[in-house]
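Each chain, written out:
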Amino acid sequence: MTKESKSKGSKKLRLDKILSHLGIATRSESKKWVKQGRVRVDGQTVKDSGLQVDPEISAIEVDGQAVRYREFVYLLLNKPQGVVSATEDRYDRTVVDLLEAEYLAFEPFPVGRLDKDTEGLLLLTNDGKLAHELLSPRKHVPKTYEAVVRGEVNAADDAAFRDGVTLDDGYETMPAELEIVRHYEREGEVHSDIRLTIMEGKFHQVKRMFEAVGKKVVFLKRISMGPLKLDPMLDPGQYRELSEDELQALRGESPSSV
Ligand code: URA
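The rules behind these values
Residues numbered from 1 in each chain as written. Predicted model: local features only at pLDDT ≥ 70, side-chain atom pairs only at ≥ 80, totals over all residues. Heavy atoms only, no water. Helix = DSSP H or I, 4+ residues; strand = E, 2+ residues; numbered from the N terminus. Buried < 20%, exposed > 50% of the residue type's maximum accessible area, 1.4 Å probe, protein only. Contact = heavy atoms within 4.5 Å. Salt bridge = Lys/Arg side-chain N within 4 Å of Asp/Glu carboxyl O. Pairing = 2+ DSSP bridges. Polar contact = N/O pair within 3.5 Å; in protein donor to acceptor, adjacent residues only side chain to side chain. Near = heavy atom within 4 Å. Areas by Shrake-Rupley, 256 points an atom, 1.4 Å probe, with all protein chains shown as cover. Phe/Tyr/Trp six-rings, centres within 6.5 Å; stacked < 30°, edge-to-face > 60°. Lys NZ or Arg CZ within 6 Å of the ring centre and 35° of its normal.

A.B. asks: I'd love a proper account of the side chain of Glu61, names of residues and values included.
C.D. replies: Locating Glu61 in the fold gives a position in strand β5 (residues 60-62). Classification of Glu61 by relative accessible area gives buried; the value is 17%. Filtering out sequence-adjacent residues up to four positions away, Glu61 remains in contact with Arg38, Val39, Arg40, Gly43, Ala66 and Val67.

A.B. asks: Residue-level account of the pattern of salt bridges, with values.
C.D. replies: Following the criterion strictly, the structure yields 22 salt bridges and no others. With a closest N to O distance of 3.3 Å, Lys11 and Glu56 form a salt bridge. With Lys11 in the segment before β1 (13-14) and Glu56 in the loop between β4 (52-53) and β5, the pair connects residues that are 45 residues apart, well separated along the chain. Judged by relative accessible area, which is 48%, Glu56 ranks as partly exposed. Between Lys207 and Asp115 there is a salt bridge, with the nearest N and O atoms lying 2.7 Å from each other. A residue pair is termed long-range when its members are at least 10 positions apart, and Lys207 in helix α6 (residues 205-212) and Asp115 in the loop between β8 (109-110) and β9 (119-125) qualify at 92 residues. By the burial criterion, Lys207 is buried, and Asp115 matches it. Salt bridges sharing partners connect three or more residues here, namely Arg14, Asp16, Arg27 and Lys31.

A.B. asks: Which residues make up the sheet that holds β5, and what are the values?
C.D. replies: Taken in spatial order, the four strands line up as β3-β2-β5-β6 in an open sheet, and their pairing is antiparallel. The outermost strands of the open sheet, each flanked by one partner alone, are β3 (44-45) and β6 (65-66).

A.B. asks: An account of the environment of His140 is needed here, citing residue identities and associated values.
C.D. replies: With respect to the helices and strands, His140 occurs in the loop between α4 (128-135) and β10 (143-150). Judged by its relative accessible area of 33%, His140 is partly exposed. A C-alpha to C-alpha distance of 28 Å links His140 and Arg150, two positions ten residues apart in sequence. Apart from residues lying up to four places away in sequence, His140 is in contact with Met174 and Met199. A polar contact is formed between the side chain of His140 and the backbone oxygen of Pro137, at a distance of 3.1 Å.

A.B. asks: How would you explain the site of the ligand if you had to name every residue and give the values?
C.D. replies: In the vicinity of the ligand, the contacting residues are Leu114, Asp115, Thr118, Tyr145, His204, Gln205, Val206, Lys207 and Leu220. At a separation of 2.7 Å, a nitrogen atom of the ligand approaches a polar side-chain atom of Asp115. Thr118 places a polar side-chain atom, nitrogen or oxygen, 2.9 Å from an oxygen atom of the ligand. Isolated, the ligand exposes 240 Å² of accessible area, and the fraction of that covered by the protein chains is 96%. The biggest single contributor to the shell around the ligand is α6, with three residues.

A.B. asks: Break down the packing of aromatic side chains for me, with residues and values.
C.D. replies: Per the stated rule, a full pass over the model turns up three aromatic pairs. Residues Phe161 and Phe210 carry aromatic rings whose centres are separated by 5.0 Å and whose planes lie at 85° to one another, so their mutual orientation is edge-to-face. A residue pair is termed long-range when its members are at least 10 positions apart, and Phe161 in helix α5 (residues 155-163) and Phe210 in helix α6 qualify at 49 residues. No difference in accessibility class separates Phe161 from Phe210, as the two residues are buried. Just above the ring of Trp33 sits the side chain of Arg38; from NZ or CZ to the centre is 4.7 Å. The lysine or arginine in question, Arg182, covers the ring of Tyr184, its NZ or CZ lying 4.1 Å from the ring centre.

A.B. asks: Would you mind going over the environment of Val84 in detail, with residue names and values included?
C.D. replies: Within the secondary structure layout, Val84 lies in the loop between β7 (74-79) and α3 (101-104). Once the C-alpha coordinates of Val84 and Lys116 are considered, the two residues, 32 residues apart in sequence, prove to be 4.9 Å apart. Every residue in contact with Val84, bar those within four places of it in the chain, is listed here: Asp89, Asp92, Arg93, Thr94, Val95 and Lys116.

A.B. asks: Describe the pairing of strand β11 (residues 177-186), listing the residues and the values that go with them.
C.D. replies: Here nine bridges tie β11 to strand β12 (residues 189-198), and the two strands are oriented antiparallel to one another. Residue pairing for β12: His183 is matched across the bridge by Ser192. Counted along the chain from β11 to the antiparallel partner β12, the turn is two residues long, and its residue Glu187 has a positive phi close to 45°.

From the geometry alone we can't say anything about function, so treat these as descriptive.
Encoded structure:
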C-alpha cells in the first residue's frame with residue numbers, strides 16, 4: 001500500500017483505495033459512499049474519493065464508525081490436507097481460497113510451503129520483509145513437525161538426524177532434533193509417532209530425511225515455526241489473526257515464546 005506514497009515518509013493514498021484495500025468496500029462502492037457523504041476524514045465529510053489521505057495519521061470514519069487502518073495482516077492457519085500452499089493454482093484449491101474477503105483485500109501469501117498432504121501451522125501475510133526474514137536460510141528458524149512414520153524409528157535414526165543425513169540429491173542436512181513418542185502396530189506393521197525439529201526448509205525435507213534412513217512418513221503436521229505454535233482451538237481449515245504477543249515474538253522483539 002505504500003506504492004502511491006507521494007513523498008518520503010508520507011503514506012498518502014487515495015481515499016477510495018484505502019477503503020478498498022482494507023476490504024471495507026469495493027473501489028466503486030467506496031466512490032459511491034464518498035459521494036453520498038458517508039465518509040469523514042478528520043471529522044470533515046469529504047466528497048472527493050480521490051482525496052490524498054495518510055491513513056496512519058488521519059481519522060477515517062464510515063457512517064460514523066472509525067475505520068481501523070493497518071498496512072499488514074498476519075494470519076495463523078491450520079492448513080488442512082488437500083490444499084496447496086500458493087496464492088493461485090490451475091488445479092487445486094489454495095490456502096488463500098480459505099480466506100474471507102476482508103483478508104483477501106490485503107493480498108496475503110503463505111510464508112513458506114507445506115506439501116498438499118501436510119497439515120498444520122502456516123503463516124499468511126502481506127508483510128514481505130517479515131516473510132523474507134523467516135524464510136532466510138541464514139536465520140535457521142526452527143520448525144517442529146509431528147509425523148506418523150511407517151517402521152520403527154529408533155536411536156540410530158536419532159543419531160543420524162543429529163549428525164545430519166544425506167538427501168536423495170546429495171544435500172547434507174543440518175543437525176535435527178528427533179523425539180520418538182511411541183511405537184504401535186497398524187495394519188500389521190510397526191509405526192512410530194515422532195516429533196522432528198529442523199532448522200532449514202528444503203523441499204519435502206522431513207519426508208526425504210526419513211527416506212534417507214529407509215522409512216516412510218505417512219502423516220505430517222507442522223506444530224511450530226519459530227516462536228509460533230499451532231493453536232489447538234483451530235480445526236484444519238480455520239485461521240485467526242496473530243496476537244500482538246505472537247507478532248512481537250516473531251519479530252524477535254519480546255516475549256520469546258508464546
Ligand atoms: N517436510 C516435508 O516433507 N513436507 C512438508 O510439507 C514440510 C516439511
